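What the coordinates show
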Amino acid sequence: MKRILLVEDEKSIARFLELELRHEQFEVKVCYDGREGLNAALEGHFDCLLLDVMLPGLNGIELCRRIRRESDVPIILLTARDAVMDRVAGLDAGADDYIVKPFAIEELLARIRTIFRRIHPAVQSDDKLTVRKLIIDPTAYEVYFEGKKLELTRTEYDLLKLLVEHKNKVCTRELILESVWGYDTEVETNVVDVYIRHLRAKLMTEEPPYIETVRGVGYVMRE
Ligand code: CA
């Protein structure tokens, strides 16, 4: 779950945004003044900060500047209508984006999604892992291939996920053994080959094979 820090002194706006963001499955912390917001931003691990500009204690632009000295966390400023200077100063202070009050909640949500896409272009917003027509949903431990759900054992799942996480990079047999079976394992390296055969049988396709053998080294998942 992504965590958002909201710094907004107008309690009714803060409450409304908090409820809407929670509804969108974000975890939300709210602060009502700039200094409290600065401490929270520097101590907590947030995925995005929403900072009002006109704040008691420390204004949003100064807050943004101070946070930027310590952190690259995405920042969206909530600025007043017509405050062009605020927007320019905010972007100069390191904000990633701004939104002008009053705004529709859908617009704010769209800005947040855009920022997450820009920061994690490889990972889709729903955290699924994909290679061509193969989709892994790690939160549900489910795998879909060419639109159908695949039945995998836990070991097959762990092996497939490892290959997908390293797609287009070679996974050595040693890496696979360590990651899937653990350090203290007694299993032989050829158990890896056996499980790769199981996976290949389940990933039959007209397309080029998903799992390639790198002779003498290991395996690679091809995008
Ligand atoms: Ca304010």
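See above for the structure.
In what follows, the accompanying structure is described. Residue positions are counted from 1 within each chain, in the order its sequence is given. Totals for whole chains, interfaces and linings use every residue, but because this is a predicted model, local features are given only for residues with pLDDT of at least 70 and side-chain atom pairs only at 80 or more, for both listing and counting. Side-chain figures throughout are based on the complete set of non-hydrogen atoms in the structure, without hydrogens or water.

As for the overall build of the protein
We count it as follows: By the criteria applied, helices consist of DSSP H or I runs no shorter than four residues and strands consist of E runs no shorter than two, each listed in order from the N terminus. The quantity called the radius of gyration is restricted to C-alpha atoms. Its globule counterpart is 2.2 Å times the number of residues to the power 0.38. Per-residue accessibility, obtained with a 1.4 Å probe over protein chains only, is compared with the maximum for each type, and a residue is labelled buried under 20%, exposed over 50%, and partly exposed between these values. Contact definition: two residues touch when any of their heavy atoms are within 4.5 Å.
If you tally the helices and strands in the protein, you get eight helices and 12 strands. In summary, the protein has a C-alpha radius of gyration of 23 Å against a globular reference of 17 Å for 223 residues, an excess of more than 25%. Viewed in the frame of its principal axes, the protein has a C-alpha envelope of about 65 × 35 × 25 Å. Burial analysis of the protein (223 residues in total) assigns 39% to the buried set. Counting only contacts in the protein whose residues sit at least 6 apart along the sequence, the fraction spanning at least 24 positions is 55%.

Some points on the pattern of salt bridges
The condition is simple: Each salt bridge in this description consists of a side-chain nitrogen of Lys or Arg and a carboxyl oxygen of Asp or Glu lying within 4 Å of one another.
One pass over the full model with this rule turns up 19 salt bridges. A salt bridge links Arg132 to Glu207; its shortest N-O distance comes to 3.1 Å. Here Glu207 lies in the loop between α8 (190–202) and β11 (211–214) and Arg132 lies in the loop between β6 (129–131) and β7 (134–137), a separation of 75 residues in the sequence. Residue classification places Glu207 among the partly exposed residues on the basis of a relative accessible area of 22%. We note a salt bridge from Lys167 to Glu223, for which the minimum N-O separation is 3.0 Å. Of this pair, Lys167 sits in the loop between α6 (154–165) and β10 (170–172) while Glu223 sits in the segment after β12 (218–221), and the two are 56 residues apart along the sequence. For Glu223, a relative accessible area of 45% translates into the label partly exposed. Here the salt bridges do not stand alone but share partners, grouping Glu8, Asp52 and Lys101 into one network.

Examining the coordination of the calcium ion
Put simply, the rule is: Each metal site is built from N, O and S donor atoms within 2.8 Å (3.2 Å for Na, K and Ca), and since water is not included, such sites may look incomplete.
Note on the calcium ion: its protein donors are Asp9 (OD), Asp52 (OD) and Met54 (O). The metal-donor distances range over 2.1 to 2.3 Å. As a motif over one chain, the donors of the calcium ion read D-x42-D-x1-M. Relative accessible area serves as the criterion here: at 4%, Asp52 is assigned to the buried category. Given a relative accessible area of 61%, Met54 falls into the exposed group.

Focus on the sheet that holds β10
Applicable threshold: Any two strands are treated as partners once DSSP identifies two or more bridges connecting them. Where helices are involved, their axes are fitted lines through C-alpha atoms of the stretch in contact, as for all axes, and angles between N-to-C directions lie from 0 to 180°.
Strand order in the open sheet formed by three strands is β10-β12-β11, and the pairing between neighbours is antiparallel. Each of the sheet's edge strands pairs with one partner strand only, and the pair in question is β10 and β11. In this sheet, neighbouring strand axes are inclined to one another by 30° on average, regardless of whether the strands run parallel or antiparallel. Note: β10 against β12, three bridges, orientation antiparallel. Bridged to Thr172 within β12 is Gly218.

Quick notes on the nonpolar core
The condition that has to hold: Residues enter a nonpolar core if they are buried and are Ala, Val, Leu, Ile, Met, Phe, Trp, Tyr or Cys, with the set joined through side-chain atoms within 4.5 Å.
Counting 27 residues, the largest nonpolar core has Leu134, Leu160, Leu163, Ile211 and Met221 as its most contacted members. Broken down by secondary-structure element, the contributors of at least two residues to this core are β6, β7, β8 (142–145), α6, α7 (173–181), α8 and β12. By residue number, the principal contributor to this core is α6, which donates six residues. Other than its neighbours up to four places away in sequence, Leu134 contacts Leu129, Val143, Tyr144, Phe145, Leu160, Val164, Leu203, Tyr210 and Met221. The next biggest cluster of nonpolar side chains, apart from the first, holds 21 residues, and it includes Leu5, Ala40, Phe46 and Ala95.

Description of the side chain of Thr79
Take Thr79: it is sitting in strand β4 (residues 75–79). Residues in contact with Thr79, not counting those within four places in the same chain, are Val53, Arg87, Tyr98, Ile99, Val100 and Lys101.

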